[in-house]
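Here's the letter readout for the chains.
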Amino acid sequence: MTDNTTADLAVRSATPEDRPAVERLWLMFRHDLSEFRGGLPAADGTFRSEWVTSAFTGPGWAPYLLTYDGHPAGLAFVRGLDGPVRILNSFFVVRGARRRGIGLRAAREVLTRHPGRWEVAFQDDNPAAARFWPRVAADLAGEAWTREPRPVPGRPDLPPDVWISFTVPAAGPGAGL
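Bear in mind that the values here come from a model prediction, so they are computed numbers and not experimental data. (Residues numbered from 1 in each chain as written. Predicted model: local features only at pLDDT ≥ 70, side-chain atom pairs only at ≥ 80, totals over all residues. Heavy atoms only, no water.)

Focus on the confidence of the model for the protein chain
Any region with low pLDDT has predicted coordinates that should not be read closely. Within the protein chain, residue pLDDT values average 86, and 87% of them lie at 70 or more. In this model, residues 173-177 is a region of pLDDT below 50 whose contacts with residues beyond four sequence positions or in other chains number 3 contacts. (pLDDT = per-residue confidence, 0-100. Contact = heavy atoms within 4.5 Å.)

Observations concerning the pairing of strand β3 (residues 71-79)
Strand residues, when the strand is regular, have side chains that alternate between the two faces of the sheet. Where strand β2 (residues 62-68) lies against β3, 7 bridges are found, and the strand directions are antiparallel. Paired with A62 across the bridge in β3 is V78. Between β2 and β3, which pair antiparallel in sequence order, lie 2 residues; one of them, D69, sits at a positive phi of approximately 55 degrees. Sheet analysis places β3 next to strand β4 (residues 85-93), joined by 6 bridges and oriented antiparallel. Bridge assignment links R79 to a residue of β4, and that residue is I87. Connecting β3 to the antiparallel partner β4 that follows it, the hairpin turn spans 5 residues, and G80 within it adopts a positive phi of roughly 85 degrees. (Pairing = 2+ DSSP bridges. Helix = DSSP H or I, 4+ residues; strand = E, 2+ residues; numbered from the N terminus.)

Some remarks on the side chain of N89
Within the fold, N89 resides in strand β4. A relative accessible area of 12% places N89 in the buried class. Ignoring sequence-local partners within four residues, the contact set of N89 consists of W51, W61, F77 and R79. (Buried < 20%, exposed > 50% of the residue type's maximum accessible area, 1.4 Å probe, protein only.)

A word on the packing of aromatic side chains
Tallied over the full model, the rule gives 7 aromatic pairs. Plain terms: the ring middles of F29 and F92 are 5.8 Å apart, the flat faces sit at 55 degrees to each other, and that makes the pair tilted. With a gap of 63 residues between them, F29 in helix α1 (residues 19-37) and F92 in strand β4 connect regions that are remote in the sequence. Under the relative-accessibility criterion, F29 is labelled buried at 8%. Taking 5.3 Å as the distance between ring centres and 80 degrees as the angle between the ring planes, the aromatic pair formed by F91 and W133 counts as edge-to-face. Taken together, the positions of F91 in strand β4 and W133 in helix α4 (residues 127-141) put the pair 42 residues apart, joining distant regions of the chain. In this pair, the class of F91 matches that of W133, namely buried. Chaining the aromatic ring pairs together yields one cluster made of W26, F29, W51, F77 and F92. (Phe/Tyr/Trp six-rings, centres within 6.5 Å; stacked < 30°, edge-to-face > 60°.)

Regarding the packing of helix α3 (residues 102-112) against α4
Remark: α3 packs on α4, axes separated minimally by 10 Å, with the N-to-C direction vectors making an angle of 55 degrees. When the interaxial angle is binned, α3 and α4 end up oblique. Handedness of the α3/α4 crossing: right-handed. Packed against α3, whose contacting residues are G103, L104, A107, R108, L111 and T112, the element α4 presents F132, W133, R135, V136, D139 and L140 at the interface. A class-by-class count of the residues in the contact of α3 with α4 yields 7 nonpolar, 2 polar and 3 charged. (Axes fitted to C-alpha atoms, helices over the stretch in contact; angles between N-to-C directions. Parallel < 35°, antiparallel > 145°, perpendicular 65-115°, else oblique. Left-handed = near helix turned anticlockwise from the far one by under 90°. Nonpolar A, V, L, I, M, F, W, Y, C, P; charged D, E, K, R; others polar.)

Structure, rendered in structure tokens:
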């Protein structure tokens, strides 16, 4: 039986041709996060975007574009692919695509493409993220995950980020999502 709420979700590596769409999704993502960290846009209306550049050009990075029913619906940036721990640097699903299981499925697809040790950070004052990321960790690692508050580097004025750590096993023969 097909799950109609996520049947039209696609998670794929973002290409240079996708970068304009990813940059627009990035603005939405940073706007959403500004609620929790008080960040304001620059004079030109944009937010800091060095992570977009890193995602497309940096060693050990991978950008992903999420589409739903053919429309851009989110992004994911992975870093640390050249090291022992992968970090889900950024993950975003547009508001119109939320609450349909899309985020969980998209996170699972991105994380399982890179088996091994993972870390994901979020802010406790973001209630949706505080519910979502432990659910993702439990979905992929059962009870074998940890939660640790860590100071935000260079920002003693901010509450600590919450980091969850877990291992995504390599898929065996016949494994499916």
